[in-house]
Every structure is written in C-alpha cells, then in structure tokens.
Amino acid sequence: MPSASPSTARAINDRLALDLLQREGSLTAAQLKTLTGLSRPTVADLVERLQDAGLIEIVGEAGAERRGPNAKLYGIVADRAYLAGLDVRTHGMAVSVADLLGQTRAEASLPFALDVDTDVAVERAIALLEATTAEAGATALHTIAVGAPGLVDPATGGLRPAGGLPAWHGKLVDELRRRQGVPVLLENEVNLAAAAEQRLGAARGRDTFVLLWLGFGVGAAVVLDGSLRRGASGGAGEIGFLPMLGPGRLPTATDCDGGFHTLAGSAAFCELAREHGIPASPADNAEAAAAAVGYAIDAGAEEFLKIVAERIAIGAAAVTAVLDPGCVVLGGEIGRAGGDALAARVSGRLAEISPLRTEVRAGTVGGSGVLEGAVLTAMGAAQDALFTPGSD
C-alpha cells in the first residue's frame, strides 16, 4: 500500500490532535506526543500549524507544583465559531447558541399559537435566533441544526408536508437557508433526541438501540451499529402510523389516527387518566399526559399504569420484532415523567409478549433532549468543516 503524501499525513495528524483536545480537554505537547504516538518534532509542527490556523491556543500551564519551566497547555479556541440548535414544535420553538466546543452561550424560547400566521411565525423565529446569537456574543453563526417533527425528505433536505403540522416549520428552514448563508441542517426531532441520549444519556455505551418517543405524538429513532437509520424516504421510525386498531380504523398516508399514535399519544393517555379518576388537563398535550403519568406513579394508580405500560409495550414489541435492538429508551415528555418506574413496567410487559431479550431504559437527557441533539449535530458539522485542512 502506498504511503500517504506529506500533506495528507499532516492533515491526519492535525485531525487526530484536534479530536484528542476535543475529547480530553487541554493538553501539553508532551501529552499530545504520548497520546498520538507521534514524534516530538511532528507534534511541535502540528501545534504551530493549528495555532497559526486559529484553532488552538495556550490556555494555561501544567506542572506549577514542580521546579523548572512549566509546560504550556493547549486547548481548542472555543469562540473560533458559533453554532445554533433549534427545537421547532407545534406550539413554539427553542434555540440554543453554543461555541465550537458545544458550550451553551445563550438560550431562549418562544411559544406560538396553533393558528399563528405562517409569515408572522417565521419572522418571530428568525428574530429570536438573531437576538440569541447577539446575546451569546457572536456576530455570525457557522452552522445551524434544526429539529422538527415530521418527515425530512432525503432528496430535497426539506420537510415533507404532513397533516397536523404547522406550515411555518418548513418555511422557517427555507428562510434560514436563504438568509443566513450558512449550512442549515434539518433532522427529525426524535433522531436528535436519540443523538443526545447516545452522547449524554441513557444510551451511552450502546451502538444499537431504539429511542421510543412518547409525547404529543409518538415516534422512534433507530440507531444500528452506531449509525442513525433514516430510511429510503426519511421515514424510519414513524411508528405513529403503525396500524393498531384493525379494519375500519387504519391510519392514512396523511393522518396517523388509527395507528399507534391513537393508542399511545398524549390525548389517548389523558383520556385514559380521566377514565381512572386521575387529574388530567383538558389540553390533552404532552405536558398534561406527562403530569398524569407522574401523578399516577406517586399515587400508586396501578390499574392505570398497567394499561399505559401495556400500550407502550405493544409499540415496543412491534419495533423489536423487526429490529431486535436489545435496548429501548423511553423518551419524550411521557417517557421522562414515567422514569424508571414506567420503564420497569414496560419491560415486564414486553417480556411477556416478545421472545426477544430487550432492556428498557428511561431517558435521562431531560426536556431539552431535542435541543441538545441539535447542538451536538451542529457542533459535529462545524468541527468537521473547520478541522479539515483548507476549510474556512
């Protein structure tokens, strides 16, 4: 096999050093030498190159406790670039602006009425992003990642029109791409939540799992052998459309009523709560359903929780029968509210109806999972661009 050219070797070494600084934090030249296995002159050269490129800087000294000159500590220049994550929902949006290391510099959120005018919503959303960017101390963004419900068309990179979802979601992405002049990445919200759980939460250490999203609607993110699977049309994990209720109650291509959504969406659980005398808001939204589940756990409302767990287990069984991931994480507002108590009940019922050994875990990232996943996605893309020789 031919050896790499000098320029290719330098690029590989630079990226190796940057990845170590990203993962380990600040390091000395001697530590970089040890961790990379490169020679002292090679490390000295790459440190100089990365400093000249504005990617690393001296951030302190090591060895202050011993005699002799202290070793310089090098770290990535966090404000070399700023990025933004957006969590776009039916009732509003949240935005987080972070630096190149993913450290949050500013966050904000804004509610929207379901009947808000599309153009008004887009302008308000962009104004919120711009204000949050300024608050973070950034003059411009390098990369933006947007998480939204619905299908992301792999051919166009845009949202496919779907019944029940606000029109301003798709237009917002189009306007961001037109006005910002930077990469705008669009991903299904559940996929981003799975990225956060894998990096920070319940799926750490697993390269194969399914995140079952339980909120206003239901969905799933599929990670197999370390790779997120989106499907040929971007619809992998759209289990809200999974037929459940039999002939005459089947979902349609534009409406998931009659599918798993009808069985395990927030409205279904709120109705079930009222039937069992458990307080539930008439709003029937994700927060109301989550509150009902949390109340039931505290009150020991076993009959209600048994039905909730069985409904979730039915969807989990369908997913595991096809994918056999070995691990299902319960996310979304309802999954988080149920916590380990609900996960244990779902695990027990799933074991009774499926022969496949499957661990059921409660999501741990929290309510900002989609936003954190968006920031992680934007950070990865920005680092890939900036850590590549010849990039801006």
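Only a predicted model underlies this, so the values are computations on that prediction, with no experimental measurement involved.

Undergrad: What's the story with the packing of aromatic side chains in this structure? I'm lost.
TA: Each aromatic ring pair is described using two quantities: the centre-to-centre distance and the angle formed by the ring planes. This structure, assessed with the given rule, holds one aromatic pair. Considering the side-chain rings of Phe112 and Trp168, the 4.8 Å spacing of their centres and the 65° angle between planes classify their relative orientation as edge-to-face. Here Trp168 lies in helix α5 (residues 168-180) and Phe112 lies in the loop between β6 (104-111) and α4 (118-135), a separation of 56 residues in the sequence. Neither residue differs from the other here; Phe112 and Trp168 are each classed as buried.

Undergrad: What should I look at first to understand the pattern of salt bridges in this one?
TA: Once their charged atoms are close, side chains differing in charge can pair, the charge on each being opposite to the other. Applying the stated criterion to the full structure yields 18 salt bridges. For Arg89, the salt bridge goes to Glu189, with nearest N and O atoms at 3.2 Å. Of this pair, Arg89 sits in strand β4 (residues 82-89) while Glu189 sits in helix α6 (residues 189-200), and the two are 100 residues apart along the sequence. The burial state of Arg89 is the same as that of Glu189; both residues are buried. The network of salt bridges with common partners includes Asp87, Arg89, Glu189 and Glu333.

Undergrad: Can you walk me through the sheet that holds strand β1 (residues 27-28) in this structure?
TA: The pairing of strands in a sheet comes from backbone hydrogen bonds and takes either a parallel or an antiparallel form. Ordered in space as β1-β3-β2, the three strands form an open sheet in which the pairing is antiparallel. Looking at strand neighbours, the two that pair on one side only are β1 and β2 (56-62), the edges of this open sheet. Helix α3 (residues 40-52) contacts β2 and β3 (71-76) of the sheet and is inclined by roughly 125° relative to β2.

Undergrad: Explain the environment of Asp115 to me, please; I cannot follow it from the model alone.
TA: Mapped onto the secondary structure, Asp115 falls in the loop between β6 and α4. Assessed through its relative accessible area of 69%, Asp115 is described here as exposed.

Rules of the game
Residues numbered from 1 in each chain as written. Predicted model: local features only at pLDDT ≥ 70, side-chain atom pairs only at ≥ 80, totals over all residues. Heavy atoms only, no water. Phe/Tyr/Trp six-rings, centres within 6.5 Å; stacked < 30°, edge-to-face > 60°. Helix = DSSP H or I, 4+ residues; strand = E, 2+ residues; numbered from the N terminus. Buried < 20%, exposed > 50% of the residue type's maximum accessible area, 1.4 Å probe, protein only. Salt bridge = Lys/Arg side-chain N within 4 Å of Asp/Glu carboxyl O. Pairing = 2+ DSSP bridges. Contact = heavy atoms within 4.5 Å. Axes fitted to C-alpha atoms, helices over the stretch in contact; angles between N-to-C directions.

Note that every value here comes from positions in space, so none of it alone points to a role or purpose.
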